[in-house]
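Residue strings, one per chain:
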Amino acid sequence: MSEQANVDVVVVGAGFAGLYMIHRMVRTGRSVVCFEGGTDVGGTWYWNRYPGCRCDVESLEYSYDFDPDLQQEWQWTEKYATQPEILRYAQHVADRFELRPHIRFSTRVTSAAFDEADQRWTVTADDGTVTSARFVVMATGCLSSANMPEIEGRDSFQGTLAHTGRYPKEGIEFTGKRVGIIGTGSSGIQAIPVIARTAGHLTVFQRTAQFTIPARNGPLDPAEQAEVKANYAEIVAANKRMFGAFGSRHRRPVRVALETDPEEFRREMELLWERGGSLFLSTFRDLMRDPAANQLAAEFVREKIRQTVRDPETARKLTPDGLIGCKRLVIDTDYFETYNRPNVSLVDVSAKGTSITRITPTGVQCGDEHHELDVLIFATGFDAMTGSLLRVDIVGRGGQRLADVWDGGPVTYLGLGVHGFPNLFTVTGPGSPSVLANMIVGTEQHVEWISDCIDHLDANGYRTIEAQPESVQRWVEHVNSVADQTIFPTCNSWYVGANIPGKPRVFMPLLGFPAYVDRCNEVAANAYEGFALA
Ligand code: FAD
Ligand code: NAP
C-alpha cells in the first residue's frame, strides 16, 4: 500500500546524526520525517550488539554537546562506555527531545529521485511509503553496511552464524560451545577476549595481524566526571581544535620522533602505552608522515606483543608487519593476553595453503584442515562510507544516478553535497573528516551547518542549493593532496575501500578536523561559495 506525504525534510537514519538532524528541523519549525531500518534509534549502537562492543573515544567526549542540560545530567559509568550504555543514551535523547513521533522504524528508504519541475525529492521506502520533500538528509552512517564476504558454502553452515554489525538482539550463547570468529579488526579484537571467557573453544581466523593498543578501561572516577562537567564548554572547544576532535585533556607536547633521542622516545612510548587509548600515535608528528618514524612506533608495539604472548609461534603470527595506524588503530582490552588461554587458538588464513577455502555445514575448511564449530561470527567489517548511500537508488538532475557519478569513487564538495543532486546533504559524507575524528563532534558540526544552510536558503528566497562541478573537483583534489602527505593511502584499509572486492581505490575521508571546520564556516560566511543557489 502506498502512502503520500509532503514534508520539508526527509532524514534517512536514526543514529546520532539522524536524531540531532530531526531535533534541529523540529526546533526551526520544519516538518520532518525520518526513516530508520532498525526497530529503534541508535544506529551503530543498535546494530553492533556483539560481546565487548564499546566506544574508544572516552565516553565523556563521545557525547552530544548541543544541549548543556543533557550534558550535565547524563552519567557515564565507564571511561569507555559499553554498547548497551551508549544505546540507552541514544534512546534517552530520542525520548527527552520527543523525536520518536518523527521516526518510522523498520522502514528502509529504497530510492530518492529529484523532480526538476517542482524542485522536490520523491523518497520511496520499502513499505510502499512515498514522501515528497524539499530536502533529503542522508544520515545513513559511515559504518552501517555490514560486509559479509562471499565465501563458498557460507549459507550452508548449520550452526549459529552472525555478523558483529547485525548482531541478534537476543544475543548468542557461547558457554561450552566451539566458536569461530573471522576477522581481527576493531570489532573482532573487542569480541575475542569476551567470547573466550565462556566458550568451550574459540578459534580465531586471522587474515592480517593488527596493531592494537590497550584501552586501560575502567569505572569512571566520579571526581573526574564532575571536573569535566564543570568545564565542558572549554573542553569541547579545545577538542574542536584537536586533529581528531577529542583528547585535549590528555594533550602532550608534540615532537618529532626522528629527532628524539632513542631512550627518550622509548620513555614517551612507554608512558603512552601505560596510559592507553587512541592518542597513542599523537605525540610524534612524523609517525603518520614518515615510514621510517612510523617503524619506530611499530617496532615498540611488536616488542610488546612478543612480551605478552607466551607461545612464540602464536606471537609471530600475531605480530603485524607494515605501518602502525595506517589501517584504523585498534584499542583493546586483554586482546594479546587472550592467546595465553588454553581454549583459544589462532589460525593464520593469510597464506594460500591455509586460507579459508569454504564454509561447510559443520565448520570452516582451511586448506587440508577442517575446524568443527557450533557458532561462527563474522567480524568482517563494513562497506564503509559509501555502502549505505549507494544501497539507496539516488537519482538526481537529468536522471543521473549517484551510483554512476561515483563509479570511480565518491566525489563531493565538503563531504556535504554532490553536483547534480540539489538539496541532498550527506552527514559525515566522503570528503569530510567523518571516520578520522570523534564522530559525534563531526556529526553535530554537519547537522548545524546543514540546518543553518536551510535557514539561509529560506531567509533569502532560494529553492535549491547544489555543489558546483569546479568546487567538487577542487575539493576532491584537496582531500587527496592532504592524504598524500601522509602514509594513509599506502595501505589496504577500508579508508581506501580495499576491503570490498571491486570497490574503487580512493582515500575517502579528509584528514584534519579543525582546518575543515574553518573551511566550512568560511564557505557559509561567503554566501555558500562553491554552491549554486537558485
Ligand atoms: P549510524 O549510527 O551508522 O546510523 C545510521 C542509521 O541509518 C542506521 O541505524 C541504519 O539502519 C540507518 N539506515 C541506513 N540506510 C538506511 C536506509 N536506506 N533506510 C533507512 N535507514 C537506513 N566513532 C567514534 O567517534 N568513536 C567511537 O568510539 C566509535 N566506535 C564505534 C564502534 C563500532 C562498533 C562501530 C561500527 C563504529 C564506531 N564509531 C565510533 C563510528 C560510529 O559509526 C559513529 O560514531 C556514529 O555512531 C555514527 O552515527 P550516524 O548516525 O552517523 O550513523
Ligand atoms: P575491519 O576493521 O574492516 O576488520 C575486518 C576484519 O575482517 C579484518 O581483520 C579483515 O582482514 C577480516 N576479513 C574481511 N574479509 C575477510 C575474509 N574474506 N576472510 C578473512 N578475513 C576477512 O572491520 P571492523 O573490525 O568491524 O571495524 C570497522 C571499523 O568500525 C573500525 O575500523 C572502527 O572505525 C569502527 N569500530 C570501532 C570500534 C571501537 O573500538 N570503538 C569497534 C568496532 C568497530 P584484512 O585486514 O586482511 O582485510
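Refer to the preceding data block for the structure.
Residues numbered from 1 in each chain as written. Chains lettered and ligands numbered in written order. Predicted model: local features only at pLDDT ≥ 70, side-chain atom pairs only at ≥ 80, totals over all residues. Heavy atoms only, no water.

A. Layout of the overall build of the chain. The number of helices and strands found in the chain is 16 helices and 20 strands. Expected size for 534 residues packed as a compact globule is a radius of gyration near 24 Å; at 23 Å, the chain falls within 12% of this value. Dimensions along the principal axes, computed over C-alpha positions, put the chain at roughly 70 × 55 × 45 Å. Relative to its 534 residues, the chain shows a buried fraction of 57%. Charged side chains of the chain number 52 positive and 67 negative; the gap between the two group centres comes to 2 Å. (Helix = DSSP H or I, 4+ residues; strand = E, 2+ residues; numbered from the N terminus. Rg over C-alpha atoms; globule rule 2.2 N^0.38 Å. Buried < 20%, exposed > 50% of the residue type's maximum accessible area, 1.4 Å probe, protein only. Lys, Arg positive; Asp, Glu negative; His and termini not counted. Charge placed at Lys NZ, Arg CZ, Asp CG, Glu CD.)

B. Quick look at the site of ligand 1. The local shell around ligand 1 holds 33 residues, among which Glu36, Thr44, Asp56, Tyr62 and Met439 are the closest. With respect to ligand 1, the backbone of Phe16 contributes an N or O atom lying 3.0 Å from an oxygen atom. Surface burial for ligand 1 is 95%, taken as the share of its 980 Å² of free accessible area covered by protein chains. Every element with two or more residues in the shell around ligand 1 is listed here: α1 (16–27) and α2 (44–47). With three residues, α2 is the largest single contributor of residues to the shell around ligand 1. Classifying every residue of the shell around ligand 1 gives 18 nonpolar, twelve polar and three charged. (Near = heavy atom within 4 Å. Polar contact = N/O pair within 3.5 Å; in protein donor to acceptor, adjacent residues only side chain to side chain. Areas by Shrake-Rupley, 256 points an atom, 1.4 Å probe, with all protein chains shown as cover. Nonpolar A, V, L, I, M, F, W, Y, C, P; charged D, E, K, R; others polar.)

C. Molecular detail of the state of the cysteines. One pass over the full model with this rule turns up one disulfide. Between the sulfur atoms of Cys326 and its disulfide partner Cys491 the distance amounts to 1.9 Å. On the S-S bond that ties Cys326 to Cys491, the torsion sits near 110°, and the link is right-handed. Of this pair, Cys326 sits in the loop between α10 (312–318) and β11 (330–332) while Cys491 sits in the loop between α15 (469–484) and α16 (513–525), and the two are 165 residues apart along the sequence. The class of Cys491 is buried, set by a relative accessible area of 14%. No disulfide involves Cys34; its nearest neighbouring cysteine sulfur is the one of Cys142, lying 16 Å away. Since its relative accessible area comes to 0%, Cys34 is described here as buried. Cysteine Cys142 is unpaired, with the sulfur of Cys520 as its nearest cysteine sulfur at 14 Å. (Disulfide = S-S within 2.5 Å.)

D. Examining the pairing of strand β9 (residues 201–206) more closely. With five of its six residues buried, β9 lies for the most part within the structure. When strand β8 (residues 178–182) meets β9, the two strands line up parallel, connected through five bridges. Looking across to β9, one finds that Ile181 is bridged to Val204. In this fold, β8 hands off to helix α5 (residues 186–198), which returns the chain to β9; that crossover is right-handed. Of the strand pairs in this sheet, β9 and strand β12 (residues 344–348) are connected by five bridges, and their pairing is parallel. Its bridge partner lying in β12, Phe205 is registered against Val347. (Pairing = 2+ DSSP bridges. Right-handed = clockwise from strand over helix to strand, strands pointing away.)

E. Just the site of ligand 2, in detail. In the neighbourhood of ligand 2, 22 residues make up the surrounding shell, with Thr184, Ser187, Arg207, Thr208 and Lys327 lying closest. Gly185 places a polar main-chain atom, nitrogen or oxygen, 3.5 Å from an oxygen atom of ligand 2. Side-chain polar atom of Arg328 to an oxygen atom of ligand 2: 3.3 Å apart, as the coordinates give it. In isolation ligand 2 offers 910 Å² of accessible surface; the protein chains occlude 87% of this area. It is α5 that provides the largest number of residues to the shell around ligand 2, a total of three residues. Classifying every residue of the shell around ligand 2 by side-chain character gives eight nonpolar, nine polar and five charged. Here the shell around ligand 2 gathers at least three residues from each of two domains, domain 1 (3–145 + 383–529) and domain 2 (154–378). (Domains from an automatic or database assignment.)

F. Quick look at the sheet that holds β12. Sheet architecture is open: five strands sit in the order β7-β16-β8-β9-β12, paired in parallel fashion. Among the strands making up the open sheet, the edge pair consists of β7 (160–163) and β12. Taking each pair of neighbouring strands and ignoring which way they run, the sheet shows an average axis angle of 15°. Sheet strands in contact with α5 are β8, β9 and β12, and its direction is about 170° off that of β8. (Axes fitted to C-alpha atoms, helices over the stretch in contact; angles between N-to-C directions. Contact = heavy atoms within 4.5 Å.)

G. Main features of the environment of Phe205. Structurally, the position occupied by Phe205 is in strand β9. Each C-alpha atom of the pair Phe205 and Asp290 lies 31 Å from the other, and the pair is 85 residues apart in sequence. Filtering out sequence-adjacent residues up to four positions away, Phe205 remains in contact with Gly180, Ile181, Ile182, Gly183, Val347, Val349, Ile356, Val364, Cys366, His371 and Leu373.

H. Main features of the packing of aromatic side chains. For the structure shown, the criterion picks out 30 aromatic pairs. Arranged with centres 5.0 Å apart and planes meeting at 65°, the rings of Tyr64 and Phe66 form a pair that is edge-to-face. The two residues Tyr64 and Phe66 agree in class, both being buried. Aromatic ring contacts, followed pair by pair, group Phe16, Tyr20, Trp45, Tyr62, Tyr64, Phe66, Trp74, Trp76, Tyr89 and Phe97 into a single cluster. Just above the ring of Tyr46 sits the side chain of Arg49; from NZ or CZ to the centre is 4.8 Å. (Phe/Tyr/Trp six-rings, centres within 6.5 Å; stacked < 30°, edge-to-face > 60°. Lys NZ or Arg CZ within 6 Å of the ring centre and 35° of its normal.)

I. Inspection of α16 at higher detail. Its 13 residues place the ends of α16 18 Å apart at the C-alpha level, agreeing with the 18 Å of an ideal helix rising 1.5 Å per residue. On its buried face, α16 sits against α14 (439–459), α15 and β20 (531–533). Looking one or two places after α16, you find Ala527, whose phi comes out positive at around 55°. (Expected span 1.5 Å × (residues − 1).)

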